[in-house]
2 protein chains.
Amino acid sequence: MNIGFASSRSGLPKKTIRYYEEIDLVNPSRAANGYRDYSEDDIHCLNFIHRARNLGFSIEECRLLLSLYQDKNRSSSEVKSLALSKISSIEEKIAELQNMKDMLNKLARTCHGNDKPDCPILDEIAGARLNP
Amino acid sequence: MNIGFASSRSGLPKKTIRYYEEIDLVNPSRAANGYRDYSEDDIHCLNFIHRARNLGFSIEECRLLLSLYQDKNRSSSEVKSLALSKISSIEEKIAELQNMKDMLNKLARTCHGNDKPDCPILDEIAGARLNP
DNA sequence: CCTTGACCTTCCAGTAACTGGAGGCTTTAT
DNA sequence: ATAAAGCCTCCAGTTACTGGAAGGTCAAGG
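These numbers were taken from a predicted model, which means no experiment stands behind them.

A short note on the relation of the copies chain A and chain B
For step 1, the next point in the chain: Aligned on chain B, chain A shows an RMSD of 0.1 Å; the corresponding rotation is 180° and the shift along the axis is 0.0 Å. A rotation of that kind, with that shift, is consistent with a two-fold axis. Using C-alpha coordinates, one finds that chain A approaches the rotation axis most closely at Ile94 of chain A, a distance of 2.9 Å.
For step 2, the next point in the chain: The overlap is high: 100% of the interface residues of chain A also sit at the interface in chain B, so the same surface is used on both sides.

What about the interface of chain A and chain B?
For step 1, the next point in the chain: Every contact between the two is made by 52 residues of chain A and, on the other side, 52 residues of chain B.
For step 2, the next point in the chain: Buried area between chain A and chain B, summed over both chains or domains, comes out near 4400 Å², and the portion from carbon and sulfur atoms is 74%.
For step 3, the next point in the chain: Along the contact surface separating chain A from chain B lie two salt bridges.
For step 4, the next point in the chain: Where Lys101 of chain B meets Glu91 of chain A, a salt bridge forms, and the shortest distance between an N and an O atom there is 3.4 Å.
For step 5, the next point in the chain: Viewed at the interface, chain B and chain A are joined by 20 residue pairs in polar contact (both at pLDDT 80 or more).

Regarding the protein's contact with DNA strand C
For step 1, the next point in the chain: Near DNA strand C, the surroundings consist of 20 residues, among which Lys15, Thr16 and Tyr20 of chain A together with Gly4 and Arg36 of chain B are the closest.
For step 2, the next point in the chain: With respect to DNA strand C, the backbone of Gly4 of chain B contributes an N or O atom lying 2.6 Å from a phosphate oxygen.
For step 3, the next point in the chain: Within the contact set of DNA strand C, a phosphate oxygen lies 2.6 Å away from a side-chain nitrogen or oxygen of Arg36 of chain B.
For step 4, the next point in the chain: Only α2 (14–22) of chain A together with α1 (3–10) and α2 (14–22) of chain B provide two or more residues apiece to the surface near DNA strand C.
For step 5, the next point in the chain: The leading source of residues in the surface near DNA strand C is α2 of chain A, at four residues.
For step 6, the next point in the chain: In the surface near DNA strand C, the residues fall into seven nonpolar, six polar and seven charged.

Here is what the cut-offs are and how they apply
- Residues numbered from 1 in each chain as written.
- Chains lettered and ligands numbered in written order.
- Predicted model: local features only at pLDDT ≥ 70, side-chain atom pairs only at ≥ 80, totals over all residues.
- Heavy atoms only, no water.
- Least-squares fit on C-alpha atoms with pLDDT ≥ 70 in both.
- Contact = heavy atoms within 4.5 Å.
- Buried area = accessible area lost by both parts, 1.4 Å probe.
- Salt bridge = Lys/Arg side-chain N within 4 Å of Asp/Glu carboxyl O.
- Polar contact = N/O pair within 3.5 Å; in protein donor to acceptor, adjacent residues only side chain to side chain.
- Near = heavy atom within 4 Å.
- Helix = DSSP H or I, 4+ residues; strand = E, 2+ residues; numbered from the N terminus.
- Nonpolar A, V, L, I, M, F, W, Y, C, P; charged D, E, K, R; others polar.

Written as C-alpha cells, this is what we have:
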C-alpha cells in the first residue's frame, strides 16, 4: 500500500513516515513506479513507533524498543528498565515545570495588570529577587 | 568588559552570548582590537534574559519582555498576560507528561522484568490496548 | 625579544524530530 | 485529453544553542 494509505492507517503524517525511512527506522519496499509500498508489518512498526513516541520515547529509544520487540530472545527486564528510566526523566521534567509555574504564579499574583508601566514581574526578572 | 567576564557575570556560556548577538538580542560595542566589549547595561540585559529563560520564556518572548522592560510607557497588563499564558502552556505540558508517566507506570507494573522474553510493555505498545 | 598559554575572533556543522515548499513524475477520474 | 490528486526527491527552516577548526591578540616569564 502506498504512503497515503500508510499515513491514515498509522496516524502519522506522510512527511514523518518518509523521515522514518530516511533515518532507517521503517524501510518499505518500492513498487515498479518507484512509489513506497508498505506491508502490513511496516504498518505495524509505524503504529508501534507512533505509540512509543506518544509515551515520550525518543527516536533512538524507539529504535531500541523496536529491535527488542523483534528480538525473540530479549529479556523483559531490559524493556522494563528503559521504561523506568523514562519515568524518572519525565518526573524530573515535571518537577522543573512545576517550579517555573510556581515562580510565574508568584510573580503574576503581585502584578496589578493595569495600564500603568509599574510591573513587579519585570522588576523581579530584572533583579532576580524571586526568593530573597 | 570582554566576553569571558560577561559570561561569568551573567552565568551564560560564551557561545550563548555570541549567539544572542547574532540574533540581535544583546549587541555589545567593540573594542579597538575587535573584541566584544560589554557595558553594565549589556550585563543587565544578559542577566534579565538568563532569568526569563529559566522561567520558561522562549527567546522571542524574552525579546518582547526586554522591549517591554525598556519601554517606559508599557502597561503592566501586557506583561501579566504573557506570564499567565506561559503559566497555562506550562500546565498543559505538565498534564501531558503526567499522562505519559501514568501510562508508563501502568505498563511497568505489569512487567516482571526478568530474563524471559515475555514482555507486557512491548505487547501493549504493539497492540495499543492501554485503556481497553 | 620570544614563547607559551589563555584569551578572543569568525565560520561551518551538528543536534532532535520533523515540517514546508519547489519542481516534476504518475495515476485516476471525467 | 486534461485536470486533480498523489507520489517522488531535494533543499531549507525550525529552536536554542554547542562543538570545533583556523587564526588573531594579549600578558607573563625567561
